[in-house]
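# Structural overview for review
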Amino acid sequence: PSATIGDLTHSSIQEFLDTRTELGDAPATVKRRLATVKHFCRTIRDKHPGFIDPSRDIKGPRPQKRKFKGLTEEQTKALREAITEVHRDHFTKCRDKLLLEIFLNTGLRCAEVAGLTMEQLSDDHTIFYDVKRKGDYYDDIAINTQLRGFLESYLPIREAKLISHYPGYSTLTPTKRGRFPVIISTWEARLERPLSFRTNERTIARLVEDASKIAGIPRELAHPHTLRHTFAYMLLEKTKDPRLVAQALGHRSINDMMKYI
């Protein structure tokens, strides 16, 4: 039988929304369906002044709180083992291992890691100075003992790579060398343009994807930002101090950090 305007009641609309939820519609989808019903009711009301809108007091479901996921201890271990299997040559293996450890030990975002330059690295390899964070402000990033070991293993290999591919590199002044990225790629790079040695963010993301696949990590977790979440969870578990974690992540507000809890 055909439905009539009389069938459009508060109860029938609520029942419709409940049914869509039970059938698996996401909260956002149910809210869009409700918006359509409300628009239909407003149209009827405009044409029939005596019509009482049954949808007026009905509210859509609240969206589920987004769950920010990090890697488990076992997944992190598997990823560390898998990262060396993505590329074969010695330089790239060392670079890839350092990349992974920077993510896991600093919580930096992909763009922040790609943008690190040698002039930001302290002489004793304990700090990255003036790292540009999201929101256009700058922060100093501490380099812990574990990360420093990977960094100091990588730097001589990086230097040898640059000298072998670009003989003129050895004649550059320390100031000019400082403008080169820490994490380098020689693909289509030109010595007169230090930033052309910057490793593309998509390349870094693909590296994490490939290593995650080898490690058996689900595809939805195969992203550099997952490593940032992993760092946050590990630090929060260790310190039990949300404010410290917020500071380490570069969040200006403690509320931004609470999404990890």
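Let me begin by describing the structure that accompanies this report. Along each chain, numbering runs from 1 in the same order as the chain's sequence is written. For this predicted model, a pLDDT threshold of at least 70 governs which residues receive local features, and a threshold of 80 or more governs which side-chain atom pairs are given and counted, while totals over whole chains, interfaces and linings are taken from all residues. Heavy atoms from the whole structure form the basis of all side-chain values; hydrogens and water molecules are not counted.

### Some thoughts on the overall build of the chain
Each helix and strand in the chain was counted, giving 11 helices and 2 strands. For the chain, the N- to C-terminal ordering of α and β elements is α-α-α-α-α-β-β-α-α-α-α-α-α. Whereas a compact globule of 261 residues would reach a radius of gyration of roughly 18 Å, the chain reaches 26 Å, over 25% beyond that. Dimensions of the chain, computed from the C-alpha atoms along their principal axes, are close to 85 × 40 × 35 Å. The buried share of the chain, reckoned over its 261 residues, is 40%. By definition in these notes, contact holds between two residues if any of their heavy atoms fall within 4.5 Å. Put simply, 53% of the contacts in the chain that link residues at least 6 apart link residues at least 24 apart. Shrake-Rupley sampling with a 1.4 Å probe provides the accessible areas, and residues are treated as covered by the protein chains on show and by no other component. For the chain, the computed accessible surface area is about 15,700 Å², with 52% contributed by carbon and sulfur atoms. Positive charge is attributed to Lys and Arg, negative charge to Asp and Glu, and no charge count is given to His or to the chain ends. Here the site of a charge means atom NZ of a Lys, CZ of an Arg, CG of an Asp or CD of a Glu. On the chain, the mean spot of the 44 positive side-chain charges and the mean spot of the 34 negative ones are 3 Å from each other. Only DSSP runs of H or I covering at least 4 residues are called helices, and only runs of E covering at least 2 are called strands; the numbering of each starts at the N terminus. In this treatment the radius of gyration is a C-alpha quantity, and the globule benchmark scales as 2.2 Å times the residue count to the 0.38 power. Three labels apply to residues, based on accessible area from a 1.4 Å probe with only protein chains included: buried if under 20% of the type maximum, exposed if over 50%, partly exposed otherwise in between.

### Topic: the pattern of salt bridges
Note on definitions: salt bridges are taken to be side-chain nitrogens of Lys or Arg within 4 Å of carboxyl oxygens of Asp or Glu. Under the definition given, this model contains 14 salt bridges. Taking the shortest distance from any N to any O, the salt bridge between Glu-101 and Arg-80 comes out at 2.7 Å. Taken together, the positions of Glu-101 in helix α4 (residues 90-106) and Arg-80 in helix α3 (residues 73-82) put the pair 21 residues apart, joining distant regions of the chain. The network of salt bridges with common partners includes Arg-109, Glu-112, Arg-133 and Asp-139.

### Digging into helix α9 (residues 224-239)
Expected span, for any helix, means 1.5 Å times one less than how many residues it has. An ideal rise of 1.5 Å per residue puts 22 Å on 16 residues; α9 measures up with 23 Å between its terminal C-alpha atoms. Buried within α9 are the following residues: Pro-224, Thr-226, Leu-227, Arg-228, His-229, Thr-230, Phe-231, Ala-232, Leu-235 and Leu-236. Where the residues of α9 are buried, they touch α3, α4, α5 (110-114), β1 (127-133), α8 (201-215) and α10 (242-249). Positioned one or two residues after α9, Lys-240 has a phi angle of 60°, which is positive.

### Here we look at the packing of α3 against α4
Viewed as axis vectors pointing N to C, α3 and α4 meet at an angle of 155°, and their least axial separation amounts to 10 Å. Regarding the angle of α3 to α4, the classification is roughly antiparallel. Note that α3 runs across α4; the crossing there is left-handed. Within the contact between the two elements, α3 uses Thr-76, Leu-79 and Arg-80 and α4 uses Leu-100, Glu-101, Leu-104 and Asn-105. Each residue belonging to the contact of α3 with α4 can be placed in one class, and the counts come to 3 nonpolar, 2 polar and 2 charged. Where helices are involved, their axes are fitted lines through C-alpha atoms of the stretch in contact, as for all axes, and angles between N-to-C directions lie from 0 to 180°. With respect to orientation, any angle under 35 degrees is reported as roughly parallel, any angle over 145 as roughly antiparallel, any angle of 65 to 115 as roughly perpendicular, and every other angle as oblique. When the near helix sits turned anticlockwise from the far one by under a right angle, the crossing is termed left-handed; a clockwise turn instead gives a right-handed crossing. For this classification, the nonpolar set comprises Ala, Val, Leu, Ile, Met, Phe, Trp, Tyr, Cys and Pro, the charged set comprises Asp, Glu, Lys and Arg, and every other residue, Gly included, is treated as polar.

### Structural notes on the packing of α9 against α10
When two helices pack together, their arrangement is given by the angle between the helix axes and by the axis-to-axis distance. With their axes 9 Å apart at the nearest point, α9 and α10 run at an angle of 150° to one another. Looking at the two axes, α9 sits roughly antiparallel to α10. α10 is crossed by α9, and the crossing has right-handed handedness. Each of Arg-228, Phe-231, Ala-232, Leu-235, Leu-236 and Thr-239 in α9 lies in contact with α10, whose residues at this interface are Pro-242, Leu-244, Val-245, Ala-248 and Leu-249.

### A look at the packing of aromatic side chains
Centre distance and the angle of the planes are the two values used to describe a pair of aromatic rings. Stacked, tilted and edge-to-face pairs are distinguished by plane angle, under 30 degrees for stacked and over 60 for edge-to-face with tilted covering the rest, among Phe, Tyr and Trp rings (Trp via its six-membered ring) whose centres lie within 6.5 Å. All told, the structure shown has 4 aromatic pairs when counted by the stated rule. Ring centres 5.0 Å apart and planes at 70° place the aromatic pair Tyr-166 and Phe-197 in the edge-to-face group. Here Tyr-166, found in the loop between α6 (145-165) and α7 (174-177), pairs with Phe-197, found in the loop between α7 and α8; they are 31 residues apart in sequence, far enough to count as distant. Taken together, the ring pairs connect Tyr-166, Tyr-169, Phe-180 and Phe-197 into an aromatic cluster.

By themselves, these figures tell us nothing about what the structure is for.
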